[in-house]
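# Commentary on secondary and tertiary structure
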Amino acid sequence: MTETIRLSTPFTARTTAAEILDGVDLTGRRMIVTGGASGIGTETVRALAGAGAEVTVATRDPARAEPLVAEFAGRVHAAALDLADLSSVDAFLAGWDGPLHALVANAGVMAIPARQLTAEGWELQLATNYLGHFALARGLHPHLRAAGSARVVLVSSGAHLREAFDFADPQFERQPYDTWAAYGRSKTAEVLLAVGIARRWGGDGITANALNPGFITTNLQRHMDDQTLRAFGAMDEAGNRIEQPYYKTAAQGAATSVLLAASPLVEGVTGRYFDDNQEADVVAGGPEATGGVAAHAVDPAAADRLWEYAEAVLAGRR
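These numbers were taken from a predicted model, which means no experiment stands behind them.

Basis of the calculations
- Residues numbered from 1 in each chain as written.
- Predicted model: local features only at pLDDT ≥ 70, side-chain atom pairs only at ≥ 80, totals over all residues.
- Heavy atoms only, no water.
- Helix = DSSP H or I, 4+ residues; strand = E, 2+ residues; numbered from the N terminus.
- Buried < 20%, exposed > 50% of the residue type's maximum accessible area, 1.4 Å probe, protein only.
- Contact = heavy atoms within 4.5 Å.
- Pairing = 2+ DSSP bridges.
- Right-handed = clockwise from strand over helix to strand, strands pointing away.
- Phe/Tyr/Trp six-rings, centres within 6.5 Å; stacked < 30°, edge-to-face > 60°.
- Axes fitted to C-alpha atoms, helices over the stretch in contact; angles between N-to-C directions.
- Parallel < 35°, antiparallel > 145°, perpendicular 65-115°, else oblique.
- Nonpolar A, V, L, I, M, F, W, Y, C, P; charged D, E, K, R; others polar.

### Description of the environment of Val153
Examined against the element boundaries, Val153 turns out to sit in strand 5 (residues 150-155). A residue is classified by how much of its surface remains accessible, and Val153, at 1% relative accessible area, is buried. Considered as a pair, Val153 and Ala210 are 57 residues apart in the sequence and their alpha carbons are 5.7 Å apart. In contact with Val153, other than residues within four places in its own chain, are Leu103, Val104, Ala105, Asn209, Leu211, Ser257, Leu260 and Ala261.

Here you go:
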């Protein structure tokens, strides 16, 4: 991330994804949204397709995207993709043909209660949130380059603020597994991926940015137990879910993704992190941080080191 003037937009935390693209014509643009069959992914697809883009919903269960496919007949398609399974990523890549104007890396898992490993031996949160997306983006690089001007969007989280990436033990092989540390580190990795792409692919006309969508009640919270939900203020003592005033709707939560994927206001902007449709300030990070982007997540040296780590992992050299 280079020293630049912090970018601001006329939008707010309550702007919806559709409002971001009011008056924007995306006809002829081809885009992929991972995890686009639910939550903010669905609203991201709906806004992009509603503005004329051809959108592929990349999801573990393509049947779940059938309502979107029917809603936008001819403009929305569904394809199987399990980011935690490298063979599934390879199959998806083999089925893609032609230029790609935007990749929205939206899919993710959160708060896996116990350490789980993928078939490749990767810790599940890191595999799904980062390594799978790294493999997907790298495989799609020629198609992004062919578009002439393309964007990669990484959906991260404010949880990255508390966790720098642990290069000494990224897979929790030696230290005790910690649910939230694993999640936070995987989300730091996603921001560093945006920085890495910006450093490597800018000459190909490809930009990359990361974002925090904010607090939204979605299927992402499915692994959180009642005690954790209460600690987050998302459940009362009777077991009823609570929508706090600061929570967003899914359409509002998707807005920053859509801004970075398609708005002309961020044309050419790369290697940055956005929150509530604005570029975030760089902060120190740590357990007391409540906003902004942590310096550890936009450090170019860390981005380069993580890129090399991911390449080694994909090559089978853990």
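Next comes the rest of the account.
### Some details on the pairing of strand 2 (residues 54-59)
Taken across its six residues, strand 2 has five buried, putting it largely inside the fold. The sheet contact formed by strand 1 (residues 30-34) and strand 2 spans five bridges and is parallel. If you follow Arg30 over to strand 2, its bridge partner there is Glu54. Following the backbone out of strand 1, through helix 2 (residues 39-50) and into the adjacent parallel strand 2, one traces a crossover that is right-handed. Examined bridge by bridge, strand 2 and strand 3 (residues 76-80) share five bridges and lie parallel to one another. Within the sheet, the bridge partner assigned to Thr59 lies in strand 3 and is Ala80. Chirality of the crossover, the property in question, places the unit of strand 2, helix 3 (residues 66-71) and strand 3 among those that are right-handed.

### Quick word on unusual backbone geometry
Phi is positive for Ala111, which is not a glycine, with a value near 60°. Structurally, the position occupied by Ala111 is in the loop between strand 4 (102-105) and helix 5 (124-146). Of note in the backbone geometry, Asp276 takes a positive phi value of approximately 55° without being a glycine. As for its placement among the helices and strands, Asp276 is situated in the loop between strand 7 (272-275) and strand 8 (278-279).

### Quick look at helix 9 (residues 255-262)
The element helix 9 is largely enclosed, with a buried count of eight among its eight residues. Those residues of helix 9 that sit buried are Ala255, Thr256, Ser257, Val258, Leu259, Leu260, Ala261 and Ala262.

### With respect to the packing of aromatic side chains
All told, the structure shown has eight aromatic pairs when counted by the stated rule. Considering the side-chain rings of Phe172 and Tyr177, the 5.4 Å spacing of their centres and the 70° angle between planes classify their relative orientation as edge-to-face. A ring pair is formed by Trp201 and Trp307, whose centres lie 5.7 Å apart and whose planes are at 90°; its orientation type is edge-to-face. Linking Trp201 in helix 6 (residues 179-201) with Trp307 in helix 10 (residues 300-314), this pair joins segments that are 106 residues apart in sequence. For the pair formed by Trp201 and Trp307, the shared burial category is buried. A network of ring pairs unites the aromatic residues Tyr130, Phe134, Trp201 and Trp307 as a single cluster.

### A closer look at the environment of Arg138
Tracing the backbone through its elements, the reader meets Arg138 in helix 5. Here the alpha-carbon distance between Arg138 and Leu93, two residues 45 residues apart in the chain, equals 9.9 Å. For Arg138, the residues in contact, after removing those within four places along its chain, are Trp201, Glu311 and Leu314.

### Some thoughts on the pairing of strand 4
Residue alternation in strand 4 divides its side chains into two sets, Ala102 and Val104 and Leu103 and Ala105, and both sets are buried. As paired elements, strand 1 and strand 4 share three bridges and run parallel to each other. Along strand 4, the bridge assignment pairs Met31 with Ala102.

### Observations concerning the packing of helix 6 against helix 10
The description of two helices packed together rests on the angle between their axes and the distance between the axes. Running from amino to carboxyl end, helix 6 crosses helix 10 at an angle of 90°, the nearest separation of the two axes being 8 Å. The angle between helix 6 and helix 10 places the two elements in the roughly perpendicular class. Counting all contacts with helix 6, which are made through Ala189, Leu192, Leu193, Val195, Gly196, Ile197, Arg199, Arg200 and Trp201, the residues of helix 10 involved are Pro300, Ala302, Ala303, Asp304, Leu306 and Trp307. Its residues placed into classes, the contact of helix 6 with helix 10 shows 11 nonpolar, one polar and three charged.

### Quick word on the sheet that holds strand 4
Read from one edge of the open sheet, eight strands run 3-2-1-4-5-6-7-8, paired in mixed fashion. Two strands close off the open sheet at either side, each with one partner strand: strand 3 and strand 8. In terms of strand pairing, strand 4 meets strand 5 through four bridges, oriented parallel. Pairing of Val104 across the sheet is with Val153, part of strand 5. Seen against the sheet, helix 4 (residues 86-95) touches strand 1, strand 2 and strand 3 and runs at an angle of roughly 140° to strand 3. Its contacts with the sheet put helix 9 on strand 1, strand 4, strand 5, strand 6 (206-212) and strand 7, and the angle it makes with strand 5 is roughly 160°.

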